[in-house]
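# Understanding the architecture of this molecule
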Amino acid sequence: MLQPNEYKGKLIVVEGIDGSGKSTQINLLYKWLQSLDKDVFFSEWNSSKMVKSTTRLGKKKQTLTPTTFSLIQATDFADRWENLFLPLLKAGIIVLADRYAFTAFARDVSRGVDPQWVRNLYSFAIQPDVTFYFSVPLEVAVNRILGSRAKIKYYEAGKDLGLSNDTVTSFRMFQERILNQYEGMSEEFGFTAIDGNLPLEVKQQQMRKIISEKILNK
Amino acid sequence: MIDSRFYGAGFPYMNISEMPGKLIVLEGNDGVGRSTQMELLKQWLEVEGYGVSNTGLARSPLTQPGLDEAKAGHTLGRLTMNLFYATDFADRLENHIIPALSAGFCVLSDRYFYSIIARNVVRGADPEWARKVYGFALKPDIIFYLKANIDNLVKRVLRGRGFDYWESGMDVRFADNLYDSFVKYQNQLTRQFNKMSKEFGFVTIDANRSVQEIFEDLKSHTKKLLEKN
């Protein structure tokens, strides 16, 4: 459902559940590509200025439903697509994205929206050149988040779904659903799986090797 | 399981039981007289003893501040605008329209997603993509399409509040002046409405006539709809 990349630039994406270690890895990848003097740009999920006030309002008042949550995220993504990704790719820049449309597919379907409907929302975007998927056992990821974060927010914990009144239990159940969605998408979108249990520097070496082969030496 | 009350998947996570109310939509170009007719219909329905609730595009408390702000700037892209309007639409549908219909109200909607699709497609959106976005939308009980000649539209707009930047399609610059741009843009919208008329089963109302004549038509169709129960 995503478009083929017909632009000069390249798109590299990291995906995985919270606490899977993907942000650390893409950061290292970014440093490495910069050190090689590549034209590279790094983008985080959910950072468009235009839509931020609406997202904040909905989260604060807790009036977001699975559908409006999905749509506001897609609006946010569209804004970044039109004003950032598309110009960057046209200009021939390597774009690194910490999370991409797959995050939306995993979360929104876990919230109960129709899988085909949400895929259509993002169908203007391109299929990344490489999508690293960090596969980790649920407990490892959940414990990492619980240990490092003071408080898990309402929507982050999936409390809008009414899975459990207990934030931690709700968070765990929500993450499990998301994990299942990711596993199911791996083949559909050609994820390059990285074993999250490997030592940090080994994972980075694997990623650099793949990027060298698929992006840099082409 | 497909719920035929919706155009697509609807809201799969929600259990929506019987909705005794009626969803009545007024569609048509800018300046065709929708708000006047909405007001008349509301008064008449209330006199007849029906509960009435009004809605219209970009009125959701969730998206209104953000959308106004975005439209005031100059970087709002086509896709972003489409999805922003869809967010507004979904918010009103879930938090206002469906609850009102469940409580037995007649919901009068000034435009529905057909207008949004028409505007999107005129601005270059993929028609199929735009339709699929609204797969969560409820099928109205009746859709009135108020149709008037462009000459009449122009005169009404000029006598009323004057040309508006967006209603004239100036963001896409159909012409270098408001008048020509308005005419071209509204003509293209009409073409889109005509295309959708059959697809979505619009009831076309000749809006070149007087306010009272148009209203009599709307009233008689609405009466029939309400008597069906």
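A brief structural summary. Counting starts from 1 at the beginning of each chain's written sequence and moves along it residue by residue. Each chain gets a letter, beginning with A, and each ligand a number, beginning with 1, in the order they are written. Restriction of local features to residues with pLDDT of at least 70 applies here, the model being predicted, together with a cutoff of 80 or more for giving and counting side-chain atom pairs; totals for whole chains, interfaces and linings are based on all residues.

## Digging into the overall build of chain B
Operational definition: Counting from the N terminus, the helices are the DSSP runs of H or I reaching at least four residues and the strands are the DSSP runs of E reaching at least two. The quantity called the radius of gyration is restricted to C-alpha atoms. Its globule counterpart is 2.2 Å times the number of residues to the power 0.38. Every C-beta atom is placed from the backbone, and the number of other C-beta atoms within 10 Å of a residue's own sets its class: buried at 20 or more, exposed at 12 or fewer, partly exposed in between.
Counting its regular elements, chain B contains eight helices and five strands. Walking chain B from its N terminus toward its C terminus, one meets helices and strands in the order β-α-β-α-α-β-α-α-β-α-α-β-α. Computed over its C-alpha atoms, the radius of gyration of chain B comes to 17 Å, within 12% of the 17 Å expected for a compact globule of 229 residues. Taken over 229 residues, chain B has a buried fraction of 41%.

## Quick look at the overall build of chain A
Helices and strands together make up the secondary structure of chain A, namely eight helices and five strands. Mapped from its N terminus to its C terminus, chain A presents α and β elements in the order β-α-β-α-α-β-α-α-β-α-α-β-α. In terms of overall size, chain A behaves like a compact globule, its C-alpha atoms giving a radius of gyration of 17 Å where 218 residues would be expected to give roughly 17 Å. For chain A, the C-alpha atoms occupy an extent of roughly 50 × 35 × 30 Å along the three principal directions. Classification of the 218 residues of chain A by burial places 44% in the buried group.

## What to know about the packing of helix α3 (residues 66-90) of chain A against helix α3 (residues 78-102) of chain B
Here is the rule we go by: Fitted lines through C-alpha atoms serve as axes, helices being fitted only where they are in contact, and the angles separating the N-to-C directions of these axes extend from 0 to 180 degrees. Any angle from 65 to 115 degrees is called roughly perpendicular, while one under 35 is roughly parallel, one over 145 is roughly antiparallel, and all others are oblique. Each residue is represented by a C-beta atom placed from its backbone, and any two residues with such atoms within 7 Å are regarded as in contact. Note on residue classes: Ala, Val, Leu, Ile, Met, Phe, Trp, Tyr, Cys and Pro are nonpolar, Asp, Glu, Lys and Arg are charged, and everything else, Gly too, is polar.
Their axes nearest at 8 Å, the elements α3 of chain A and α3 of chain B cross at an angle of 170°. The angle between α3 of chain A and α3 of chain B falls in the class roughly antiparallel. Contact residues: Thr67, Thr68, Leu71, Ile72, Ala74, Thr75, Ala78, Asp79, Trp81 and Glu82 of chain A in α3 of chain A; Leu79, Thr80, Leu83, Phe84, Ala86, Thr87, Ala90, Asp91 and Glu94 of chain B in α3 of chain B. A breakdown of the residues in the contact of α3 of chain A with α3 of chain B according to their chemical character gives 10 nonpolar, five polar and four charged.

## A look at the sheet that holds strand β5 (residues 203-206) of chain B
Residue and element names in this part refer to chain B. The cut-off we apply is this: At least two DSSP bridges between two strands are required for those strands to pair.
Taken in spatial order, the five strands make up an open sheet running β2-β3-β1-β4-β5, and their pairing is parallel. Single-partner strands in this sheet number two, and they are β2 (52-56) and β5. Averaged over neighbouring strand pairs, the angle between their axes works out to 25° when direction is ignored.

## Some words on the interface of chain B and chain A
With 28 residues of chain B in contact, the opposing surface of chain A contributes 29 residues. Only α2 (64-72), α3 and α5 (127-133) of chain B provide two or more residues apiece to the side of chain B that touches chain A. The element that contributes the greatest number of residues to the side of chain B that touches chain A is α3 of chain B, accounting for 10 residues. Split into classes, the residues belonging to the side of chain B that touches chain A amount to 15 nonpolar, nine polar and four charged.

## With respect to the packing of helix α6 (residues 150-159) of chain B against helix α7 (residues 178-200) of chain B
All names here are of chain B. To keep things clear, this is the line we draw: Crossing handedness follows the turn of the near helix against the far one: under a right angle anticlockwise gives a left-handed crossing, and clockwise gives a right-handed one.
Between α6 and α7, the least distance of the axes is 10 Å, while the angle of their chain directions is 130°. In terms of orientation, α6 and α7 fall into the oblique class. For the crossing formed where α6 meets α7, the hand is right-handed. For the pair formed by α6 and α7, the contact residues are Ile150, Leu153 and Val154 on the first element and Phe182, Val183, Gln186 and Asn187 on the second. The residue makeup of the contact of α6 with α7, split by class, is five nonpolar, two polar and no charged.

## Concerning the sheet that holds strand β5 (residues 192-195) of chain A
Residues and elements named next belong to chain A. Pairing within the open sheet is parallel, and its five strands lie in the order β2-β3-β1-β4-β5. Only two strands of the sheet have a single partner each, and these edge strands are β2 (40-44) and β5. The mean inter-strand angle of the sheet, taken between neighbouring strand axes irrespective of direction, is 20°. Across five bridges, β2 lies against strand β3 (residues 94-98) in parallel orientation. Residue pairing for β3: Val40 is matched across the bridge by Ile94. The sheet contacts of helix α1 (residues 22-35) involve β1 (10-15), β2, β3 and β4 (130-135), and relative to β3 the element is tilted by about 165°.

## Some points on the pairing of strand β1 (residues 22-28) of chain B
All names here are of chain B. Judged by how many residues are buried, β1 sits mostly within the fold: seven of seven residues are covered. Of the two faces of β1, the one lined by Lys22, Ile24, Leu26 and Gly28 and the one lined by Leu23, Val25 and Glu27 are each fully buried. Sheet topology places β1 next to strand β3 (residues 106-110); five bridges connect them, and they run parallel. If you follow Val25 over to β3, its bridge partner there is Ser109. Here β1 pairs with strand β4 (residues 142-147) via five bridges, running parallel. Residue Glu27 lies in a different strand from β4, and its bridge partner there is Tyr145.

## Notes on helix α4 (residues 113-122) of chain B
Spacing of three or four residues puts side chains on the same side of an α-helix, whose turn is 3.6 residues. Residue and element names in this part refer to chain B. Within α4, nine of the 10 residues are buried, which leaves the element mostly enclosed by the surrounding structure. Taken together, the buried positions of α4 are occupied by Phe113, Tyr114, Ser115, Ile116, Ile117, Ala118, Arg119, Asn120 and Val121. Backbone geometry just after α4 places Gly124 at a positive phi near 105°.

## Some words on the pairing of β3 of chain B
Residue and element names in this part refer to chain B. Counted residue by residue, β3 has four buried out of five residues, so it is predominantly covered. Of the strand pairs in this sheet, β2 and β3 are connected by five bridges, and their pairing is parallel. Paired with Ser53 across the strands is Val107, a residue of β3.

## Things to note about unusual backbone geometry
Residues and elements named next belong to chain B. Unusually for a residue other than glycine, Ala58 sits at a positive phi of about 60°. If you trace the backbone, Ala58 turns up in the loop between β2 and α2. Positive phi, close to 55°, is recorded for Arg173, a residue that is not glycine. The exposure class assigned to Arg173 is exposed, which follows from the 10 C-beta atoms found within 10 Å.

## Observations regarding the environment of Tyr133 of chain A
With respect to the element layout, Tyr133 of chain A can be found in strand β4. Spatially, the C-alpha atoms of Tyr133 of chain A and Ile194 of chain A are 5.9 Å apart, while their sequence positions differ by 61 residues.

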